[in-house]
Amino acid sequence: MSPRRTPAVLGTAALLTLPLTSAPALADDEPVEQIVNGDFSDGTSGWWGTPQIELTVTEDEVLCVEVPGGTSDPWEVIVGQNDVPLVAGESYTFSFTASGTAERPVRALVQEAVDPWRTELDERPVLTPEMGGYEYVFTAGADHDAAQVAFQVGGAADPWTLCLDDVSLLGGAEPPVYVPDTGPRVRVNQVGYLPQGPKNATVVTDAADPLPWSLADADGTVVATGDTVPRGLDDTSGQNVHTIGFGHVTTPGEGYTLTADGETSHPFGIGADPYRSLATDALEFYYTQRSGIEILDEIAPGYAREAGHAGVAPNRGDTEVTCHPSTPCDYSLDVSGGWYDAGDHGKYVVNGGISVHQLMSVYERAHTAPTGDPERVGDSTLAVPERDNGVPDVLDEARWEMEFLLSMQVPAGEELAGMAHHKVHDERWTGLPLMPAADPQPRYLHAPSTAATLNLAATAAQCSRVFAPYDAEFAATCLTAAEAAWDAARAHPDRYAEVGGEGGGPYNDDEVADEFYWAAAELYLATGAAEYEEAVTSSELHTADVFTADGFDWRWTAPLGRLQLATVPNGLPDREAVRASVVEGAEQYADAAAGHPYGLAYAPASGVFAWGSNGLVLNNLVVVATAYDIDGDTRFRDAVLEGVDYILGRNALNSSYVTGYGTAYTENQHSRWYAHQLNPSLPNPPPGTLSGGPNSDTATWDPIAQANLDGCAPQFCHIDDIDSWATNELTINWNSTLAWVSAFAADQGDAAPPAESTCEVDYRVHGTWEGGATTQVVVRNTGGEALADWTLAWSFPGSQTVREHWSTDLTQSGRAVTAHALDWNAEIGAGDEVTFGFTGSRGPGPNASPERFTLNGSVCR
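The structure contained in this document is the topic of the report that follows. (Residues numbered from 1 in each chain as written. Predicted model: local features only at pLDDT ≥ 70, side-chain atom pairs only at ≥ 80, totals over all residues. Heavy atoms only, no water.)

1. Observations regarding the overall build of the protein
Basically, it comes down to this: Helix and strand assignments follow DSSP, with helices taken as H or I runs no shorter than four residues and strands as E runs no shorter than two, numbered in order from the N terminus. In this treatment the radius of gyration is a C-alpha quantity, and the globule benchmark scales as 2.2 Å times the residue count to the 0.38 power. We call a residue buried when its accessible area falls under 20% of the maximum for its residue type, exposed when it is over 50%, and partly exposed in between, using a 1.4 Å probe and counting protein chains only. Exposure was quantified through the Shrake-Rupley algorithm and a 1.4 Å probe, taking into account, for residues, occlusion by the shown protein chains and nothing else. Charge counting follows a simple rule: Lys and Arg are positive, Asp and Glu are negative, and His as well as the terminal groups are ignored. One atom stands in for each charge, and that atom is NZ of Lys, CZ of Arg, CG of Asp or CD of Glu.
For the protein, the helix and strand inventory stands at 14 helices and 38 strands. Relative to the globule expectation of 29 Å for 861 residues, the C-alpha radius of gyration of the protein, 29 Å, shows essentially globular dimensions. In terms of its C-alpha atoms, the protein occupies a principal-axis envelope of roughly 100 × 75 × 50 Å. Per-residue burial over the protein gives 60% buried out of 861 residues. Entry remark: accessible area of the protein is about 30,900 Å², with carbon and sulfur atoms responsible for 48%. Computing the positive centroid from 40 side-chain charges and the negative centroid from 123, the protein places the two 9 Å apart.

The structure is reproduced here in structure tokens:
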């Protein structure tokens, strides 16, 4: 897998440069000061400022500057010095004293003085009204004859005063060594374990032999003991580790701790429902990622902000966007709305595609999986503006993105009509922090691509199915767009996104057979048409092993098609083989988790953890969870739960990668508006936000990773720093798989083995006519005891609706249907059956029969 984006390289404003005499190079015997007139005893000599400020030295020989308000980016106002020599491999101490009347964050840089302005040091101290000292150590990565020291102080709405003194840059420093705080050497899931589920922990120790361990409750009472299992050297962490299994402990409670080898773990809980809030928060993340709408504090407390890119100055807006000058067109589109993709203000169709698909799949799985719970994804279950509108909230959120994807389609009558523009984003990269409403950059549509067009075809086809019971007109709009996109992609099968670019990630992909397969699968599920069935079954990917060791993401989408064909009811002739292939594919990920001392379901063939490895881990767990949904083997369910342990703290860094979950968790994800690390007045990301996680692909590293993570074992290639976009960004596609997996985990309850089915359902459509059908349902009690006052529930796969019914009291809400017993057939004796029927209308598409039925809450065969 290749990285999802290229690193942002930030430019500066035009400089007012004064001639300087270079400071002497570092001497062998003692450090030499590299800054000229750092104490300002010679006035402003050697220093420059951008044109809108005046450098003034006080009687106390302190440089003070009145910084104007109303700027957007830090580099719009700069105080700096040029011609600073640096020697590659030499370590330097950069120090200064400073104050700021508005307690403003500033950006202190040692960098190249010309484009691309590569940085050697980039720090963001928050100044206070009192003069304070600041000191940083860095090692130069390259020789510089004329580097630049710069204090970037723009970006404030109101004017303020900066004062600066004692600026120094000395060589001969001890090289900085980044040592992460990994806390206690006993690593656990810091959120909690299910009572009847697996419970495992990892101990980092030099011991070769088993060690005693003890489990204590919140009162300190020891409730279980045992011996660790030595596992030897773990290649992914470089650690010698042991494991602890305490699955036999089932008593619910909070504040449990594990102790081994003189170390005590972070606290954790044991309970039947530790993941319900995570499943909710992972979905509510999307509201605060919305573009084109004001974010309200009453909905998302602490995250209120103005609408971004809504056409209000200084935004140029997304309401009338034309094509990039490199690929001009004679039209403009209103592409407002949608979700900001990641930590920047760009919106990308190929990443929006997998993200909105997985949100709609959260809804679909709740209606099709044996452990699914339709009520959990119903209306008024999320904090979104659309609550209480009769539509499941997860679909309300998905629609916000889906409407954006539809708006990216090239209009009819244009040369590439039906295709989808690949992305929309700023002309140039912006700095951090920057609220969406304050982004002043021009925005452009980038050229249509086959990959983006097929993402639109796939997601719009899925949209047509899931929205049919709630908004038939919108569902029809989605299907029309999906079919137009499919036809356009077939006509233009090799239009690939460009590599590189400025102002946004490329999301380039020159292999689209997988997108064709996914789109064909979704269109077949939506329509049942022979054309799409042929496209599915004739694809070489239909019988290929699409579940690779490297996992899947936005670039490799064939698994999405396979998973959908396996789980959404349909009449594909070889569907049983499709379902079997998912189970077979899940085996490798389950085996990886079982064999790994951290329960990690990720074993890339190269051994290199890719950019966004946490997303890949979770997508592997989606495959394993789907295998459990198909065949009910609890080994798969337990592998998923162990995989969640890794994400929530049972890892080499002993850190939960989800903000707000656990004792020690990531909270400084790369973002322009969740930027508390840079500006204390801004929030950290909301609870339930996933960090991309370890990335050992050094070719993709950002300067923070390069400066701190050299030589790291894969699991240690992560740093919770807002400037480490390569290891610590947030994205909509990583949170979508977190939402899917946490929903699965929430549905497992206490993880007790499912009871043997004691009922069978025979569901037969006996007669059809245009727009309607008659259905008979036979319910058999295969258990040894009579059932009284029975209730049978199922969900229609499409837009079917019930009209008349007999021998039952039948109700429908959306696609969920419930049949209740009548007085005269309320009891089903052991071995007996009851029969009822109904007539109903049939919407467009295949109208497949439901496959999941529950009788009094228990799943039937």
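2. Structural notes on helix H5 (residues 472-491)
What counts here: Residue count minus one, scaled by 1.5 Å, sets the expected span of a helix.
Between the first and last C-alpha of H5 there are 29 Å, a value that for 20 residues agrees with the 28 Å anticipated at 1.5 Å per step. Where H5 is concerned, the buried positions are Phe474, Ala475, Cys478, Leu479, Ala481, Ala482, Ala485, Trp486, Ala488 and Ala489.

3. Concerning the sheet that holds strand E36 (residues 833-841)
Threshold: Think of it this way: DSSP has to see at least two bridges between two strands before they count as a pair. For helices, the fitted line uses only the C-alpha atoms of the stretch in contact; every axis is such a line through C-alpha atoms, and the angle between N-to-C directions lies from 0 to 180 degrees.
Strand order in the open sheet formed by four strands is E28-E29-E36-E32, with antiparallel pairing between adjacent strands. With one partner strand each, in any of the chains shown, strand E28 (759-769) and strand E32 (801-806) form the two edges of the open sheet. Neighbour to neighbour, the strand axes of the sheet diverge by 25° on average, direction disregarded. Relative to E36, E32 is paired through five bridges, and the arrangement is antiparallel. Looking across to E36, one finds that Val802 is bridged to Gly840.

4. As for unusual backbone geometry
Between Asp115 and the following residue, Pro116, the backbone shows a cis peptide bond with an omega angle of 15°. When you line up the elements, Pro116 lands in the loop between strand E6 (107-111) and strand E7 (119-123). With an omega of 10°, the peptide bond between Ala313 and Pro314 qualifies as cis. Its identity is not glycine, yet Asp261 carries a phi of approximately 55°, on the positive side. Tracing the chain through its elements places Asp261 in the loop between strand E18 (253-260) and strand E19 (263-264). Positioned with a positive phi, Asn654 is a non-glycine residue whose angle comes to about 55°. Examined against the element boundaries, Asn654 turns out to sit in the loop between helix H11 (634-647) and helix H12 (703-708).

5. Topic: the environment of Tyr598
Put simply, the test is: Contact criterion: two residues are considered in contact whenever any of their non-hydrogen atoms come within 4.5 Å of each other. Contacts described as polar in this section are N or O atom pairs within 3.5 Å, which, within protein, must combine one atom able to donate a hydrogen with one able to accept it, while residues neighboring in sequence count only if both atoms come from side chains.
The residue Tyr598 is located in the loop between helix H9 (575-595) and helix H10 (613-631) in this model. Sequence separation between Tyr598 and Ala398 is 200 residues; the distance between their C-alpha atoms is 34 Å. Sequence-distant contacts of Tyr598, that is, excluding residues within four places in its chain, are made with Arg187, Thr202, Val204, Asp234, Ser237, Gln239, Val241, Tyr646, Arg650, Asn651, Ala652 and Gln715. Here Gln239 takes part through its side chain, which lies 2.5 Å from a polar atom of the side chain of Tyr598.

6. Some points on the pattern of salt bridges
Quick note on the threshold: When a carboxyl oxygen of Asp or Glu is within 4 Å of a side-chain nitrogen of Lys or Arg, the pair counts as a salt bridge.
Summed over the entire model, instances satisfying the criterion amount to 29 salt bridges. For the salt bridge of Arg185 with Glu263, the shortest nitrogen-to-oxygen distance reads 3.7 Å. Residue Arg185 is found in the loop between strand E10 (160-171) and strand E11 (186-187), and its partner Glu263 is found in strand E19; the two are separated by 78 residues along the sequence. A relative accessible area of 24% means that Arg185 is categorised as partly exposed.

7. Digging into the packing of helix H1 (residues 276-288) against helix H14 (residues 732-746)
Rules: Roughly parallel here means an angle under 35 degrees, roughly antiparallel means over 145, roughly perpendicular means 65 to 115, and every remaining angle is called oblique. The sense of a crossing depends on the near helix, which, turned anticlockwise from the far helix by less than a right angle, makes the crossing left-handed and, turned clockwise, makes it right-handed.
Orientation of H1 relative to H14, taken along the N-to-C sense of each, is 155°, at an axis distance of 8 Å. Taken as axis vectors, H1 and H14 run roughly antiparallel relative to one another. Where H1 crosses over H14, the two elements pack in a sense that is left-handed. Taking contact as the criterion, the partners of Arg276, Leu278, Ala279, Ala282, Leu283, Phe285 and Tyr286 in H1 are, on H14, Ile732, Asn735, Ser736, Leu738, Ala739, Ser742, Ala743 and Ala746.

8. With respect to the nonpolar core
Defined as follows: The definition of a nonpolar core used throughout is a set of buried Ala, Val, Leu, Ile, Met, Phe, Trp, Tyr and Cys residues joined through side-chain atoms within 4.5 Å.
If you look at the biggest cluster of nonpolar residues, it comprises 159 residues, and the most contacted ones within it are Tyr275, Met360, Met402, Trp486, Leu565 and Leu648. Top element by residues in this core is H10. It accounts for 11 residues. With sequence-adjacent residues up to four places away left out, Trp486 is seen in contact with Leu454, Ala457, Phe516, Ala519, Ala520, Leu523, Glu531, Tyr532 and Ala535. Residues Val65, Val67, Ala98 and Leu121 belong to the second largest nonpolar core, which totals 35 residues.

9. Observations regarding the packing of helix H2 (residues 349-368) against helix H4 (residues 450-466)
Going by this rule: Residues were grouped as follows: Ala, Val, Leu, Ile, Met, Phe, Trp, Tyr, Cys and Pro as nonpolar; Asp, Glu, Lys and Arg as charged; and all remaining residues, including Gly, as polar.
For the pair H2 and H4, the least separation of the axes is 9 Å and the interaxial angle reads 20°. One finds that H2 runs roughly parallel with respect to H4. Helix-helix and strand crossings are classified by hand; for H2 and H4 the assignment is left-handed. Residue-level inspection shows Val349, Val350, Gly353, Ile354, Val356, His357, Met360, Ser361, Tyr363 and Glu364 of H2 in contact with H4, the latter providing Ala451, Ala452, Asn455, Thr459, Gln462, Cys463, Arg465 and Val466. Its residues assigned to classes, the contact of H2 with H4 shows 10 nonpolar, six polar and two charged.

10. Structural notes on the sheet that holds strand E25 (residues 423-426)
Strand order in this open sheet of three strands is E23-E25-E26, and the pairing throughout is antiparallel. Across the chains shown, the open sheet's two edge strands, defined by having one partner strand only, are strand E23 (347-348) and strand E26 (443-445). Relative to E25, E23 runs antiparallel, the two sharing two bridges. Opposite Tyr348, over in E25, you have Lys423 as the bridge partner.

Remember that the coordinates give geometry; whether it matters functionally is a separate question.
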